[in-house]
Amino acid sequence: MIIMMIGRLGHHRLQHPKQGGLKNMMGRLSIAVVVLLICTVSLLLSFSSTSTKADSRSAAYRSQINIEELWRSADFGGWRPSSAPRSDWPPPPAPSESNGYLRVRCNGGLNQQRSAICNAVLAARIMNATLVLPELDANSFWHDNSGFYGIYDVEHFISTLRFDVRIVERIPEIRKNGKTKKIKAFQIRPPRDAPISWYTTDALEKMKEHDAIYLTPFSHRLAEEIDNPEYQRLRCRVNYHALRFKPHIMKLSQSIVDKLRSQGHFMSIHLRFEMDMLAFAGCLDIFTPKEQGILKKYRKENFAPKVLNYGERRAIGKCPLTPEEVGLILRAMGFDNSTRIYLAAGELFGGDRFMKPFRTLFPHLENHSSVEHTDELVENTRGLLGSAVDYMVCLLSDIFMPTYDGPSNFANNLLGHRLYYGFRTTIRPDRKALAPIFIDRENGRRAGFDEAVRRVMLKTNFGGPHKRVPPESLYTNSWPECFCQTSPQNPADKCPPDDVLQILSGRLKSETTDDLKPLTPLNLTVSEAER
């Protein structure tokens, strides 16, 4: 069109070169310039519109989530879990060479205690000490006196760690001057996140002085980030191999999983919409005045004073997702109402009015009590047993979704455990990115809601290997220290030899006395069956 207009104007000028003079010529030129500008803008707008439509179609294509892929484990990129030592790893000292006995009291819930046990084993290794079977706090959280013996397989724990630390069930009595004498452990309150140097100086000095020390409380009392891959692998050996629940708990958990899976895939969700977490987060405004009073009282009694603004915290994703928000995320991703969901949760705060919208979206909801009707579970639903069963079912589920993985030890440990056992799929909502989308929906702006949610979720990691970035915990992501490759680019990532355990066993036998119990088979690399 532009060429035709110019052609016409040029042809007109050739036939009438002198008509109208300079004034007419300038007028015609002005018209030509205006026409050129109009046509140029038109072309640009047309191109922009075409480009926008193409981008829109491309974005829509990219924001589709393949649900069938999510039911399978994530792509592992040639990595496999392995926590066996890859460098010189001397056996633990004989009783006569030990620096003394280490006792610890692990406080908090099941999973906080779990990480404390890992730290206790590492501390004993660092101090060249003999570890006394860790004590589990019965009062401060669960009011459950099951103890280590009631939850974990003690024989398996001691046997699995035989190459790493010497473990005894109690501090033995000693004979001195013909008399039997008890060793009294010297009690110390260790600093939070204490460095290795504290254990090799202050703690070790007291151990040598008193023959035994008692560290209490022992939650988060050893620094997590340690520049020693072998120490981190020891934590993985404890967490993913040595800490095995008692056989009846494993059997009960497997029974629930079998019943759920008999009808196809199932997802587990840690629905952290409970009083303690809501009070901690300071997210009160969605509750009635009476409920707000309960949360404020709980917060005052259990947490440090702090002014919290609900609107500000909600806007930056600091509030736990409501059950309805969890359901809306899953529906936006493409899960339909036939999806079977196992709920791992305590008593949900606010009652059924918060669960009803979720149940409407996903009616096939189960928990351990609804699947397995046993007296033992009924009596211990909120104790260590109930938590242990929830942990195992979530570990073995096809998909796991935590709704609040900030300070939640349960969710964080499970994320790490599922990563270690074959990169099992996890759905981790980015609450900060989702917050403005939910706020818009609440204010009536619902157009494009599902698409916006999908775009956010596509940017998250669904369980594959990824670099650990602070504040992400080792217990949430032990890659790459506790993983290896058979054909690595980096020699540090090379898998240990297949006979590493035989080598360690040989060294242990040669450097210890003959009164050791027979060694049982041990595998520190996850098998396909375990995955």
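Residues numbered from 1 in each chain as written. Predicted model: local features only at pLDDT ≥ 70, side-chain atom pairs only at ≥ 80, totals over all residues. Heavy atoms only, no water.

The name that an unreviewed UniProt entry assigns to the protein chain is O-fucosyltransferase family protein, with the source organism given as Lithocarpus litseifolius. Taken from UniProt, the Pathway (unreviewed entry) comment for the protein chain reads in full: "Glycan metabolism." Checking UniProt for the protein chain, the heading Sequence similarities (unreviewed entry) contains the comment "Belongs to the glycosyltransferase GT106 family." (UniProt positions renumbered as here; feature names shortened; annotations may be inferred.)

K.L.:
Before we move on, can you summarise helix α11 (residues 289-302) with the specific residues and values?
P.N.:
In this model α11 runs 20 Å from its N-terminal to its C-terminal C-alpha over 14 residues, within 8% of the 20 Å that 1.5 Å per residue would give. Looking only at α11, the buried set comprises Glu291, Gln292, Leu295 and Arg299. One face of α11 carries all of its buried residues, which in axial projection span an arc of 100°. Turned more than 90 degrees from where α11 packs its buried face, Pro289, Lys290, Lys297, Lys300 and Glu301 sit exposed. Tucked inside the fold, the buried residues of α11 contact α10 (275-281) and α14 (352-361). (Helix = DSSP H or I, 4+ residues; strand = E, 2+ residues; numbered from the N terminus. Expected span 1.5 Å × (residues − 1). Buried < 20%, exposed > 50% of the residue type's maximum accessible area, 1.4 Å probe, protein only. Arc of directions from axis to C-beta. Contact = heavy atoms within 4.5 Å.)

K.L.:
Can you tell me about the sheet that holds strand β13 (residues 399-402), naming the residues and giving the values?
P.N.:
Here five strands make up an open sheet; going across it, the order is β12-β11-β10-β13-β14 and the pairing parallel. Since the sheet does not close on itself, it has two edges, and those belong to β12 (365-366) and β14 (425-426), each with one partner. By the bridge criterion, two bridges tie strand β11 (residues 341-344) to β12 in an arrangement that is parallel. When the sheet's bridge partners are listed, isoleucine 341 is paired in β12 with leucine 365. Helix α17 (residues 384-396) contacts β10 (267-270), β11 and β13 of the sheet and is inclined by roughly 145° relative to β11. (Pairing = 2+ DSSP bridges. Axes fitted to C-alpha atoms, helices over the stretch in contact; angles between N-to-C directions.)

K.L.:
Please set out the nonpolar core residue by residue, giving values where relevant.
P.N.:
Counting 69 residues, the largest nonpolar core has Phe157 and Tyr199 as the members making the most contacts within it. Broken down by element, the residue count for this core peaks at eleven residues, all from helix α4 (residues 110-127). With near-sequence residues (within four places) excluded, phenylalanine 157 lies in contact with Ile117, Val121, Leu133, Pro134, Phe148, Ile167, Val238, Ala242 and Leu243. Within the second largest apolar cluster, 33 residues are counted, among which are Leu70, Leu271, Leu361 and Met457. (Core = buried A, V, L, I, M, F, W, Y, C linked by side-chain atoms within 4.5 Å.)

K.L.:
If you had to explain unusual backbone geometry to someone new, which residues and values would you point to?
P.N.:
Here the amide bond leading from threonine 216 into proline 217 is cis, since omega sits at -5°, within 30 degrees of zero. Examined against the element boundaries, proline 217 turns out to sit in the loop between β9 (212-215) and α8 (229-242). The peptide bond linking tryptophan 479 to proline 480 adopts the cis configuration, its omega dihedral lying at 10°. For proline 480, the location among the structural elements is in the loop between α20 (449-458) and β15 (483-485). Notably, histidine 220 is not glycine yet its phi reads approximately 60°, a positive angle. Within the fold, histidine 220 resides in the loop between β9 and α8. Classification of histidine 220 by relative accessible area gives partly exposed; the value is 28%.

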